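Structural characterization, general
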Amino acid sequence: MRFVFAFIPGVLPLLLLANPALTLKTDPSSNCAIISVLLLGKVAFPGSESYNVSETSYFALQGRLSPACIAMPSSAEDVATIVGTLAKLPDAVFAIRSGGHSPNPGWANAAQGITSDLQQLNKVHVSSDGSIAAVGPGARWVDVHRVLDPLELDVVGGKFGSVGVAGLILGGISAFSPSRGWACDNVANFQIVLASGETVIANDSNEYADLFIALKGGQNNFGVVTRFDLRTFRHGLYWGGNIAYPDSTEQAQLAAYITFKGPSYDSIAEIEQSFMYASSPNGSASRSCLNTMFYADPVVDPSGLRPFSDIQPQLFSTMRIATATAFAEELNPGQLARSTYVIHTSVTFRFTPEIIPRVFAIWKVFCRRIELTGMANLIFFGLPPDSHPDRELSLALFSLHWLDAGYADMITVEARTLIRDIEDLVADARLAHPFLYANWAAWWQDPIRGYGKESVRHLQRMSGKYDPDRVFQEKVPGRFKLPRDEF
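Predicted, not measured: the structure shown is a model, and the values here were computed from it.

Re the confidence of the model for the protein
Segments scoring low in pLDDT should not have their predicted coordinates read at a detailed level. In the predicted model, the protein carries a mean pLDDT of 90, and the fraction of residues at 70 or more is 91%. In the predicted structure, residues 1-11 sits below a pLDDT of 50 and forms 17 contacts with residues beyond four places in sequence or in another chain. Below pLDDT 50 for its whole length, residues 17-23 participates in 5 contacts with residues either more than four positions away or in separate chains.

This is the structure:
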């Protein structure tokens with residue numbers, strides 16, 4: 001039975017709190033009214049300035065889904081109120097947004113539901129001994145670096161300034177990963193709100209040690225992280241920046257990447273090698289190359305990156321010794337993406353010198369085949385040789401940007417075909433690997449299965465233990481959900 005009622009401020013929240021088992025059918029507007037009473041002045045409705053600012057700040061245009069309202073918590077207690085209340089409403093749908101950087105539709109927004117925008121949870125505090133940086137999930141990486149740089153400290157995190165903290169930490173790679181591991185490997189504590197509304201601290205030595213493991217790559221399947229305690233390390237200036245090249249250097253770029261992945265691999269060198277295709281409304285198209293490179297020491301033109309820095313001609317170079325803040329401010333993809341539709345997708349495969357040019361050739365065919373005004377980028381990224389039991393893995397990341405919403409279906413079909421063609425190529429070469437980088441996987445992919453049976457079963461057990469009513473599986477859209485089968 002569906003109740004139809006005139007909302008009386010304060011009455012329904014009290015009923016829910018007094019009787020959590022109360023079965024009450026509501027609609028999104030009623031749910032918003034409930035939350036707006038519990039969080040006075042912290043809920044934005046369509047047409048308001050704060051609502052519009054939140055909606056237009058997503059990384060990609062498809063992130064704008066017009067929720068019924070946007071809750072804007074400013075504390076872990078506020079988040080607990082939101083989660084604990086909405087979990088009790090059988091038909092409530094709510095999304096969690098921190099940085100809003102994923103281009104996957106619905107990953108951080110709830111069409112006609114309630115979106116909880118965590119951007120006000122953006123504080124960065126450093127412990128008195130400097131060993132821990134406590135970071136809110138709404139912070140951007142440039143915020144983190146602006147606090148840590150004056151202290152000559154850093155953390156294993158992002159270098160792109162506008163990217164949010166939460167998504168990267170829960171399963172991302174850093175410029176320091178070759179020597180210090182994944183971002184989630186460097187978390188000391190997670191403060192997390194569970195589906196019950198309870199706020200707990202999970203670490204590797206307390207009663208929530210099993211949850212602590214699950215949060216490292218487990219996506220948003222267990223709760224809402226409201227604080228990350230990150231281990232810091234001493235670090236000052238270092239070498240990095242961008243070098244752009246004409247497409248005439250493409251073969252030299254491929255050769256440089258192959259050399260970089262070879263026996264002389266330097267564990268404090270990191271590169272994202274981009275091959276870029278751009279087309280304009282008048283039908284003209286061009287290709288170019290861009291290398292984003294870092295070296296963790298303040299060494300000018302280090303030998304570990306010289307296979308790339310020696311390539312000529314160069315269109316421009318920003319390589320220099322600078323602070324993490326300076327690099328974060330330079331590497332800011334947000335403005336371009338906020339005016340385009342975006343797909344990110346990827347393939348992981350075992351590296352050989354022969355497979356790289358063959359993957360590149362498939363991308364070139366893809367660029368000739370698609371018809372769009374926008375950009376199509378191939379990014380080669382190599383996992384460190386000692387970062388995974390299978391070793392010597394390469395990631396081919398694809399970033400597609402376009403302007404016309406009407407092309408979405410066509411580009412999605414073409415992107416899926418591109419991935420399938422590369423998967424077939426590496427499978428035929430016996431180089432296929434099940435791992436998918438979750439932070440660069442499209443909504444149709446399934447990176448969680450790539451973790452392996454033992455890890456997936458642990459995630460399933462933790463979901464049953466900490467979210468027995470499947471709130472974060474069924475009420476919270478977005479991110480990659482856990483397989484329901486035995487797997």
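Let's talk about the sheet that holds strand E6 (residues 132-135)
With antiparallel pairing, the 5 strands of this open sheet are ordered in space as E5-E6-E10-E8-E9. Single-partner strands in this sheet number two, and they are strand E5 (124-126) and strand E9 (199-202). Averaged over all pairs of adjacent strands, the angle between strand axes in this sheet comes to 15 degrees, irrespective of strand direction. Relative to strand E10 (residues 224-231), strand E8 (residues 187-193) runs antiparallel, the two sharing 6 bridges. Residue Val187 lies in a different strand from E10, and its bridge partner there is Leu230. Packed on one face of the sheet, helix H5 (residues 141-148) meets E5, E6 and E10 and runs near 30 degrees to E5.

Things to note about the nonpolar core
Core analysis: the biggest nonpolar cluster contains 51 residues, and Trp141, Leu211 and Phe228 have the highest contact counts within it. If sequence neighbours within four positions are ignored, Leu211 has contacts with Ile192, Leu194, Ala202, Phe222, Met462 and Tyr466.

Brief notes about helix H15 (residues 453-466)
For H15, with 14 residues, the first-to-last C-alpha span of 20 Å sits near the 20 Å given by 1.5 Å per residue. Among all positions in H15, only Val456, His458, Leu459, Met462, Ser463 and Tyr466 are buried. Seen along its axis, H15 keeps its buried residues to an arc of 155 degrees; they face one direction. Facing away from the buried surface of H15 by more than 90 degrees, the exposed residues are Glu454 and Arg461. Turning to H15, the residues buried within the fold contact helix H8 (209-214) and helix H16 (471-474).

Focus: the sheet that holds strand E1 (residues 43-44)
The strands that make up a sheet are held in pairs by hydrogen bonds between backbone atoms, and each pair lies either parallel or antiparallel. The 4 strands lie next to each other as E1-E2-E4-E3, forming an open sheet whose pairing is mixed. What marks the edges here is a single partner per strand, and that holds for E1 and strand E3 (94-97). Here helix H2 (residues 28-38) sits on the sheet and contacts E1, strand E2 (69-71) and strand E4 (114-117); the angle it forms with E4, its principal contact strand, is near 35 degrees.

Quick notes on unusual backbone geometry
With omega at 0 degrees, the peptide bond leading from Gln312 into Pro313 counts as cis. Looking at the secondary structure, you find Pro313 in the loop between helix H10 (306-309) and strand E15 (316-317). The backbone of Glu152 shows a phi angle near 55 degrees, a positive value even though the residue is not glycine. With respect to the element layout, Glu152 can be found in the loop between H5 and strand E7 (153-154). Take Glu152: its relative accessible area is 47%, and that puts it in the partly exposed class. A positive phi angle, close to 60 degrees, is found at Arg430, a residue other than glycine. Relative to the helices and strands, Arg430 is located in the loop between helix H14 (408-428) and H15.

What counts and how
- Residues numbered from 1 in each chain as written.
- Predicted model: local features only at pLDDT ≥ 70, side-chain atom pairs only at ≥ 80, totals over all residues.
- Heavy atoms only, no water.
- pLDDT = per-residue confidence, 0-100.
- Contact = heavy atoms within 4.5 Å.
- Pairing = 2+ DSSP bridges.
- Helix = DSSP H or I, 4+ residues; strand = E, 2+ residues; numbered from the N terminus.
- Axes fitted to C-alpha atoms, helices over the stretch in contact; angles between N-to-C directions.
- Core = buried A, V, L, I, M, F, W, Y, C linked by side-chain atoms within 4.5 Å.
- Buried < 20%, exposed > 50% of the residue type's maximum accessible area, 1.4 Å probe, protein only.
- Expected span 1.5 Å × (residues − 1).
- Arc of directions from axis to C-beta.

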